[in-house]
Amino acid sequence: MSDPVSKIGAGVATRRSVLRAGLAAGVALPAGALAARAEGPVPDPLITEVQDWARYNGDGVDAFPYGTPIRFESDVIRRNVPWLTADVISSINFTPIHALDGTITPAGCSFERHHSGAIELAKPDYRLMLNGLVDRPLVFTYDDLMRFPREQRVYFCECAANSGMEWAGAQLNGSQYTHGMIHNMEYVGVKLSTLLEEAGVQPEGEWIYVEGADASSNGRSIPMEKAMDDVMVAFKANGEALRKEHGYPVRLVVPGWEGNLWIKWLRRIEVTDVPVQAREETSKYTDTLADGTSRKWTWVMDAKSVVTAPSPQVPITHGPGPLVITGLAWSGRGAITRVDVSIDGGRNWREARLAAPGQSMAMTRFYLDFDWDGSEMLLQSRAIDETGYVQPTKDALREIRGTNSIYHNNGIQTWWIKEDGSAENVEVSS
Ligand SMILES: Nc1nc2c(c(=O)[nH]1)N[C@H]1C(S)=C(S)[C@@H](COP(=O)(O)O)O[C@H]1N2
Ligand SMILES: [Mo]
């Protein structure tokens, strides 16, 4: 293969030679320079010369019986923030939302949160017990679950601590870290109501207590009304078996509600009259308010959005001209109906384009096809859901919740996009 630089020649650096150098190095041109391309053929070896991938055969069909992403995508991975938690057994990592597009999160890079590590539980060893205030206590094997009518739904799962490090001020530089405790998958499973009806819930049964088979068990109480509504006992995600770290072989899916309730390696469901936490312990997942008091039972994830690109991990590399601004929006109260984008820190807003109509309690992708003039921007997005709820500013949230909270931070995120295209996590007052 020829050396692209030698083709340009060592002559005077004309406008065209600079452009050719840009092209040869794979650098995109500013919009105004596009016309220069028409002046004459540019000797780009990637077009003019036969490349190795066209000269030799590729891998045979048996090379990778289960495929993984090509090596050039090796930085699209979950990442941990080591100082956040004491060890990786009771820890969390973050989905690389900055590098994804569309809405479905690939399982292999979907964030994981566990309190006592990801366990290995085989299908033949799997049992789900349903007891408490029921007419017929039942134990299901995995095969038993396969015989109930199934449903298929896409839902986001967001840890209540997502963006929790940002309460006191802008802290982590990248949407992966500020907003990556979330994934959005297509689940297949059995409706929990189907199993509860099989067991026969007694009239006093107002709550369920759910726990996992891991050492932490992550026991949580959920009101019967939600349990009977849309909660799923899921065994497939994105078409395939759940990954070990997401609860193989069976997890609970609690649409729109905080990730903590989505019990993995689901082992037992007890129908109770009062929430079990009320008898045993106070819930860890409470929100501290500005006046020092706490709020509890805040399960629903309010509408939220973030610009995933450009963002600190995805700087603009192409200079002024056409720029695709994109991001994600979601709401635990229903479908996203609108997303607005601001480039001036929330003073003016323009409506973004939803890639597809919002689906209830699932992620929505938005785009703003923008002509960037190269000046700095304070880039924000604001989600609106079908209830009319508008994503609040961080200042508005702090007025009610103070700065000592960890959970449920759905405030508007700001990226400061600089003239050189780099981006930084900042806050603007509102
Ligand atoms: N059995 C069990 N279920 C669990 C947990 C756990 O530690 N053990 N962690 C919970 C928390 S806090 C969250 S945010 C979600 C995360 O789900 P994921 O690992 O699929 O991202 O699982 C929940 N379910
Ligand atoms: Mo969580």
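Structure: see above.
Definitions and cut-offs
Position labels on residues start from 1 in each chain and follow its written sequence. Naming scheme: in the order in which they are written, chains are lettered from A and ligands are numbered from 1. Predicted model: local features are reported for residues with pLDDT of at least 70 only, side-chain atom pairs are reported and counted for 80 or more only, and whole-chain, interface and lining totals are derived from all residues. In computing side-chain values, all of the structure's heavy atoms are included and hydrogens and water are not. DSSP-based pairing: two strands are paired if at least 2 bridges between them are found. The way it works is that DSSP assigns letters per residue, a run of H or I at least four long becomes a helix, a run of E at least two long becomes a strand, and they are numbered from the N terminus. Definitions used throughout: a 1 Å grid over protein atoms alone; a cavity as a set of points that fits a 1.4 Å probe which cannot get out; a pocket as an open set with protein on both sides within 12 Å along at least five of seven lines; a lining residue as one with an atom within 4 Å of a point. Grid points are joined across faces, edges and corners, and a volume is the space filled by probe spheres set on the points. By nonpolar core we mean a set of buried residues, namely Ala, Val, Leu, Ile, Met, Phe, Trp, Tyr and Cys, connected to one another through side-chain atoms within 4.5 Å. Partly exposed describes any residue whose relative accessible area lies between the buried limit of under 20% and the exposed limit of over 50%, with all areas from a 1.4 Å probe on protein chains only and scaled to the type maximum. Contact between two residues is taken to exist if any of their heavy atoms lie within 4.5 Å; hydrogens are not considered.

(A) Structural context of the pairing of strand β4 (residues 127–132). Both β4 and strand β5 (residues 138–141) contribute to a ladder of four bridges, which runs antiparallel. Following the sheet pairing, L130 is matched in β5 by L138. In this antiparallel pair of consecutive strands, β4 and β5, the connection spans five residues. Across four bridges, β4 lies against strand β13 (residues 266–272) in parallel orientation. Paired with L130 across the strands is I269, a residue of β13.

(B) Broad picture of the environment of A99. Mapped onto the secondary structure, A99 falls in the loop between β2 (91–94) and β3 (113–114). Measuring from C-alpha to C-alpha, the distance between A99 and V76 comes to 6.3 Å, with 23 residues separating the pair along the chain.

(C) Structural context of empty space enclosed by the protein. Tallied over the entire structure, the rule returns five cavities of 30 Å³ or more. Here the largest cavity defines a volume of roughly 230 Å³.

(D) Representation of the nonpolar core within the structure. Ranked by internal contacts, the top residues of the largest apolar core, which has 46 residues, are Y187, I208, L252 and L266. Examining the composition of this core, we find that five residues originate from one element, strand β10 (residues 232–237), more than from any other. Setting aside chain neighbours within four positions, we find Y187 in contact with E151, Q152, R153, Y155, M232, A234, K236, A237, L242, R251, V253 and W262. Core analysis: the second largest hydrophobic core is formed by 28 residues, F156, I182, I336 and W372 among them.

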